[in-house]
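Okay, here's what each chain looks like letter by letter:
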Amino acid sequence: MNVIESSGLGKCYHGTWALRDCTLAVPEGHMVALVGPNGAGKTTLLNLVVGLAAASAGKVTVLGGFDTGSLVALDGIAFVAQDTPLYKNLSVADMLHVTRNLNSRFDQRYAEVRLNELGVPLNRQVGNLSGGQQAQLALTLALSRRPRLLVMDEPMSSLDPLARHDFMATVMTAMADDGVSVVLSSHVLAELERVADFLVLLSLGSVQVAGEVEDLLAGHRVLTGPATEADTFANRFGVVHATRGDAQAHLLVRTNGNTDPIPPGFEAHPVSLEELTLAYLRAPDVSWLPGPANARPAEATEVAK
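So, here is what we can say about the structure in this document. (Residues numbered from 1 in each chain as written. Predicted model: local features only at pLDDT ≥ 70, side-chain atom pairs only at ≥ 80, totals over all residues. Heavy atoms only, no water.)

### Focus on the overall build of the chain
Each helix and strand in the chain was counted, giving 10 helices and 14 strands. With 305 residues in all, the chain has 49% of them scored as buried. Sequence-distant contacts in the chain: of pairs separated by 6 or more residues, those separated by 24 or more amount to 70%. For the chain, the exposed surface amounts to about 14000 Å²; the carbon and sulfur share of it is 51%. (Helix = DSSP H or I, 4+ residues; strand = E, 2+ residues; numbered from the N terminus. Buried < 20%, exposed > 50% of the residue type's maximum accessible area, 1.4 Å probe, protein only. Contact = heavy atoms within 4.5 Å. Areas by Shrake-Rupley, 256 points an atom, 1.4 Å probe, with all protein chains shown as cover.)

### Some remarks on empty space enclosed by the protein
In total, this model carries 1 cavity of 30 Å³ or more according to the counting rule given. Taken as a whole, the largest cavity spans an internal volume of roughly 50 Å³. In terms of lining, the largest cavity is formed by Ile4, Leu24, Val26, Val32, Leu34, Leu45, Leu46, Val49, Val183 and Val200. Mapped by element, the contributors of at least two residues to the lining of the largest cavity are strand S2 (16–27), strand S3 (31–35) and helix H1 (42–50). Element by element, the count of residues in the lining of the largest cavity is highest for H1, at 3 residues. (1 Å grid on protein atoms, 1.4 Å probe; cavity = no way out; pocket = protein on both sides within 12 Å on 5 of 7 lines; lining within 4 Å. Points joined across faces, edges and corners; volume = space filled by probe spheres on them.)

### A short note on the sheet that holds strand S1 (residues 2–13)
Spatial ordering of the open sheet is given by S2-S1-S4-S5, a layout of 4 strands whose pairing is antiparallel. Of all strands in the sheet, those with a lone pairing partner are S2 and strand S5 (66–67), marking the two edges. Pairing analysis gives 2 bridges linking strand S4 (residues 57–62) to S5, with the strands arranged antiparallel. Each residue of the ladder has a partner; that of Thr61, found in S5, is Asp67. (Pairing = 2+ DSSP bridges.)

### Re the layout of surface pockets
With a probe scaled to a water molecule rolled over the atoms, the places where space remains empty come into view. The space that makes up the largest pocket amounts to roughly 620 Å³. If you trace the largest pocket, you find 21 residues lining it, with Phe79, Pro85, Thr99, Asn103 and Arg145 closest to the centre. When contributions to the lining of the largest pocket are tallied by element, the ones reaching two or more residues are strand S6 (77–80), helix H3 (92–102) and helix H5 (131–143). Split by residue class, the lining of the largest pocket holds 17 nonpolar, 3 polar and 1 charged. Here the second largest pocket is characterised by a volume of approximately 190 Å³. If you go around the second largest pocket, the residues you meet are Tyr110, Val113, Arg114, Glu117, Leu118, Thr170, Thr173, Ala174, Asp177 and Asp178. (Nonpolar A, V, L, I, M, F, W, Y, C, P; charged D, E, K, R; others polar.)

### Some remarks on the packing of aromatic side chains
Remark: the centre distance and the inter-plane angle together describe each pair of aromatic rings, the angle taken between the planes. For the structure on display, the rule yields 0 aromatic pairs. Stacked on the ring of Tyr110, the Lys or Arg Arg146 has its end atom at 4.2 Å from the ring centre. (Phe/Tyr/Trp six-rings, centres within 6.5 Å; stacked < 30°, edge-to-face > 60°. Lys NZ or Arg CZ within 6 Å of the ring centre and 35° of its normal.)

### Looking at the pattern of salt bridges
In the structure shown here, the tally under the stated rule is 4 salt bridges. A salt bridge links Asp67 to Lys59; the nearest nitrogen and oxygen atoms lie 2.9 Å apart. Looking at Asp67, the relative accessible area reads 41%, which means it is partly exposed. Across the pair Asp107 and Arg146 runs a salt bridge whose closest N-O atoms are separated by 3.0 Å. Of this pair, Asp107 sits in the loop between H3 and helix H4 (108–117) while Arg146 is found in the loop between H5 and strand S7 (149–153), placing the two residues 39 residues apart along the sequence. Overall, the relative accessible area of 24% leaves Asp107 in the partly exposed class. (Salt bridge = Lys/Arg side-chain N within 4 Å of Asp/Glu carboxyl O.)

### Topic: the sheet that holds strand S14 (residues 267–269)
Strand order in the open sheet made by the 4 strands is S12-S13-S11-S14, with antiparallel pairing throughout. The sheet is open, and its two borders are formed by strand S12 (238–244) and S14, each paired with just one other strand. Pairwise comparison of adjacent strand axes, ignoring direction, gives a mean angle of 20 degrees for this sheet. Relative to strand S13 (residues 248–254), S12 runs antiparallel, the two sharing 6 bridges. Within S13, the residue paired with Arg244 across the bridge is Ala249. Seen against the sheet, helix H9 (residues 273–281) touches strand S11 (220–226), S12 and S13 and runs at an angle of roughly 95 degrees to S13. (Axes fitted to C-alpha atoms, helices over the stretch in contact; angles between N-to-C directions.)

### A short note on the pairing of S1
Relative to S2, S1 runs antiparallel, the two sharing 8 bridges. Bridge pairing in S2 places Asn2 opposite Pro27. Between S1 and S2, which pair antiparallel and follow one another directly, the connecting turn spans 2 residues, one of which, His14, has a positive phi of 50 degrees. Pairing between S1 and S4: 5 bridges, direction antiparallel. Considered in S4, the bridge of Ile4 is made with Val62.

The values are spatial; any link to function lies outside them.
Below, the structure written as structure tokens:
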């Protein structure tokens, strides 16, 4: 089952496309890293998935084919926004009460036990909690709804390293214990590399890469060798990003099953998730390579498909 499936999905604001031609199929059971620069369309995509925005083009369904915004979809998805929208003048207990009254499957005991384990007092006013405690409260409210899909938009942006670690530990426990699928938008690439097993990369409002991390890493390599010989790769590999000095060139390429031997003088190295992500986000610098190496946007779209 796909927890998210879209075809030609787009959203236009006042004549400007924030997201366009987004085609995705995200299977259940994954920790999905949604990455991209500011303005890439990440929040727009998440808002469309959770039903907070209506599509201008195309279609998106969730949880095996349900329309976003439908009662079934709303009942099965929990959303943690970047600014952790909580009623700061209420106590923690009152926040639990409000959330319970708005959701048919709210697990009050789970919420109370979890907050007690985290040392978050139920009688404390929300506005007096630390940033980490507020983030944990927002996550607890989301998980207490017992969702099938948890969607989070930059939930750790204001947290210190220890609070980020504790936050992600809770998310991973929910995945392991309850089978929750997770979509996490974040700029913290090091954190994502540790936990994510599915990558969706957006840039300029379009999907550049989408797929299981293991497959994507296996389909890319870093090649290092003489700069004068680098153009020999133009017709054999898709060059995602290249840097070239006077003597040596570094190429991050798509191998896509290419088993041709590496020419003498070159070395091939595995690519990390951070290297892969940064390569697709950077503006290509391959003007010195002929042919297909300069066709990066079209080729990137093919990877996404």
